[in-house]
Amino acid sequence: MTGSRVAALGHYQPAKVLTNEDLAAMVDTSDEWITSRVGIKTRHIGGPDEPVDELAAHAASKALAGAGLQPADIDLVLVATSTAIDRSPSMSARVAARLGMVSPAVMDINVVCSGFTHALATADHALRAGAATRALVIGADKMGDIVDWTDRSSCVLMGDGAGAAVVVADSEDAAVPGIGPVLWGSVPGMGDAVRIEGTPPRFAQEGQSVYRWATTQLPPIARKVCEKAGLTPEDLAAVVLHQANLRIIEPVARKIGAVNAVVARDVVDSGNTSAASIPMALSKLVERGEVPSGAPALLFGFGGNLSYAGQVIRCP
């Protein structure tokens, strides 16, 4: 086995939809104010009876069905999340139990908004090393549980959801890598620009600092991700960035130079779902047929810890 590929994707969102008009009845804001600043129209919010692992399990079940696999076929479960309230059992262990898995390795990865791309790289490395044969990689977050609903600058951003990918080993005769090399890193000295702190935990960020960092520092890094995959930005069929807000997504995508690519804009309907945002947006693009099977897509997560991770994958 010399590599890995994404065999199938799945996503899930709670049924409750919170519109900008709903938020305007809660805090001093308006649809025009929210749309003009972050581009978000709606977001899904889970109830108290919908824990993170339930969202994750729904997305995982959809991905498993798409791959034609049973839970028992999976030997590694990675869940990227920053909204797990309990320290143990982990979200990955709870997802494995919900799905009735037999004896998978289970691990949570907390890199906040870039968690899924970190987890996908970790699964790729495990399969390349022969430590696993089939992995379930999930990004799942309930940002509605940790946002301050009285703070109009942050509560308008957040949503809940989960996205999942089934990752399987590639055979030696694979023409191109299904999952390309990861490029990842962070800016530790600015890590407190995005925070989830306190008891109970609350989300806070220095919005202007994050915006400047994302729009100026990340495009050249994303182009290097393409270079590591042996591609140019013009070769990309899709660009799926962390769905932070449109004021970040659109200029970053433009500066990357992926002129032929579909740019995911799921943030408009889903808000910022942290680690769930990339797999959820990609799953929807593939489900709608906007990206053909085998087409190269850039996945690039960034945000909390001022961390980033990206890779080019071939769409299932």
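Residues numbered from 1 in each chain as written. Predicted model: local features only at pLDDT ≥ 70, side-chain atom pairs only at ≥ 80, totals over all residues. Heavy atoms only, no water.

Asks: So what's going on with the side chain of H242? Which residues, and what values?
Replies: Its place among the elements puts H242 in the loop between strand 11 (238-241) and helix 8 (246-256). If we skip the residues at most four places from it in the chain, H242 touches C113, I249, N272, S274, S277, I278, F300, G301 and F302. (Helix = DSSP H or I, 4+ residues; strand = E, 2+ residues; numbered from the N terminus. Contact = heavy atoms within 4.5 Å.)

Asks: Explain the sheet that holds strand 6 (residues 134-142) to me, using residue names and the numbers behind them.
Replies: Strand-to-strand pairing in sheets goes through backbone hydrogen bonds, with the strands running parallel or antiparallel. In space, the five strands of this open sheet follow the order 1-7-6-4-5, with mixed pairing throughout. Single-partner strands in this sheet number two, and they are strand 1 (3-12) and strand 5 (105-109). Adjacent strand axes in the sheet meet at a mean angle of 20°, parallel and antiparallel pairs treated alike. Note: strand 4 (residues 76-80) against strand 6, five bridges, orientation parallel. Bridging across to strand 6, L76 finds its partner in A135. Its contacts with the sheet put helix 3 (residues 52-67) on strand 1, strand 6 and strand 7 (160-170), and the angle it makes with strand 1 is roughly 125°. (Pairing = 2+ DSSP bridges. Axes fitted to C-alpha atoms, helices over the stretch in contact; angles between N-to-C directions.)

Asks: Could you give an account of the packing of aromatic side chains, with specific residues and numbers?
Replies: Evaluated as defined, the whole model comprises two aromatic pairs. Arranged with centres 6.3 Å apart and planes meeting at 40°, the rings of F300 and F302 form a pair that is tilted. Its relative accessible area of 0% is what places F300 among the buried residues. Of the residues examined, F302 reaches a relative accessible area of 1% and is grouped as buried. Arranged with centres 6.5 Å apart and planes meeting at 20°, the rings of F300 and Y308 form a pair that is stacked. (Phe/Tyr/Trp six-rings, centres within 6.5 Å; stacked < 30°, edge-to-face > 60°. Buried < 20%, exposed > 50% of the residue type's maximum accessible area, 1.4 Å probe, protein only.)

Asks: Break down the packing of helix 3 against helix 4 (residues 91-99) for me, with residues and values.
Replies: As a packed pair, helix 3 and helix 4 sit with axes 9 Å apart at the nearest point and diverge in direction by 55°. When the interaxial angle is binned, helix 3 and helix 4 end up oblique. Here helix 3 and helix 4 pass one another in a crossing that is right-handed. Packed against helix 3, whose contacting residues are V52, D53, E54, A56, A57, A60, S61 and L64, the element helix 4 presents M91, R94, V95, R98 and L99 at the interface. Of the residues in the contact of helix 3 with helix 4, the class split is eight nonpolar, one polar and four charged. (Parallel < 35°, antiparallel > 145°, perpendicular 65-115°, else oblique. Left-handed = near helix turned anticlockwise from the far one by under 90°. Nonpolar A, V, L, I, M, F, W, Y, C, P; charged D, E, K, R; others polar.)

Asks: Please give an account of the nonpolar core that cites residues and values.
Replies: L218, L236, V239, L241, L298, F300 and F302 are the most contacted members of the largest nonpolar core, which totals 47 residues. Every element with two or more residues in this core is listed here: helix 2 (31-38), helix 7 (207-228), strand 11, helix 8, strand 13 (296-303) and strand 14 (307-314). In terms of residue count, the dominant contributor to this core is helix 7 (eight residues). Here L298 is in contact with A222, V225, L236, A238, V239, V240, I256, Q311 and V312, once residues within four sequence places are set aside. Residues V6, F116, A275 and L282 belong to the second largest nonpolar core, which totals 34 residues. (Core = buried A, V, L, I, M, F, W, Y, C linked by side-chain atoms within 4.5 Å.)

Asks: Could you give an account of helix 5 (residues 115-129), naming the residues involved and the relevant values?
Replies: Relative to the 21 Å expected for 15 residues at 1.5 Å per residue, helix 5 spans 21 Å between its end C-alpha atoms, a close match to the ideal helical length. Counting buried residues along helix 5, 11 of its 15 residues qualify, which places the element largely inside the surrounding structure. Buried residues of helix 5: G115, F116, T117, H118, A119, L120, A121, A123, D124, A126 and L127, and no others. (Expected span 1.5 Å × (residues − 1).)

Asks: An account of the pattern of salt bridges is needed here, citing residue identities and associated values.
Replies: This model, assessed by the stated rule, comprises 13 salt bridges. Residue D86 is joined to R94 by a salt bridge in which the shortest nitrogen-to-oxygen separation is 3.1 Å. For D86, a relative accessible area of 40% corresponds to the partly exposed category. Judged by its relative accessible area of 23%, R94 falls in the partly exposed class. One network of salt bridges, with partners in common, ties together D53, E54 and R98. (Salt bridge = Lys/Arg side-chain N within 4 Å of Asp/Glu carboxyl O.)

Asks: Run through helix 3, naming residues and quoting values.
Replies: Two residues of an α-helix separated by three or four positions point the same way, owing to the 3.6 residues in each turn. Its 16 residues place the ends of helix 3 23 Å apart at the C-alpha level, agreeing with the 22 Å of an ideal helix rising 1.5 Å per residue. Buried within helix 3 we find V52, D53, E54, L55, A56, A57, A59, A60, A63 and L64. Check the buried side of helix 3 and you find it contacts strand 1, helix 4, strand 6 and strand 7. With its phi angle positive at about 70°, G68 sits one or two positions after the end of helix 3.

Asks: If you had to explain unusual backbone geometry to someone new, which residues and values would you point to?
Replies: The omega torsion of the bond from S88 to P89 falls at 0°, within 30 degrees of zero and hence cis. Looking at the element boundaries, P89 is found in the loop between strand 4 and helix 4. For the bond running from T199 to P200, omega is 0°, close enough to zero to count as cis. Look at L306: it is not a glycine, yet its phi comes out positive at around 45°. Counting through the fold element by element, L306 comes out in the loop between strand 13 and strand 14. The class for L306 is buried, based on a relative accessible area of 0%.

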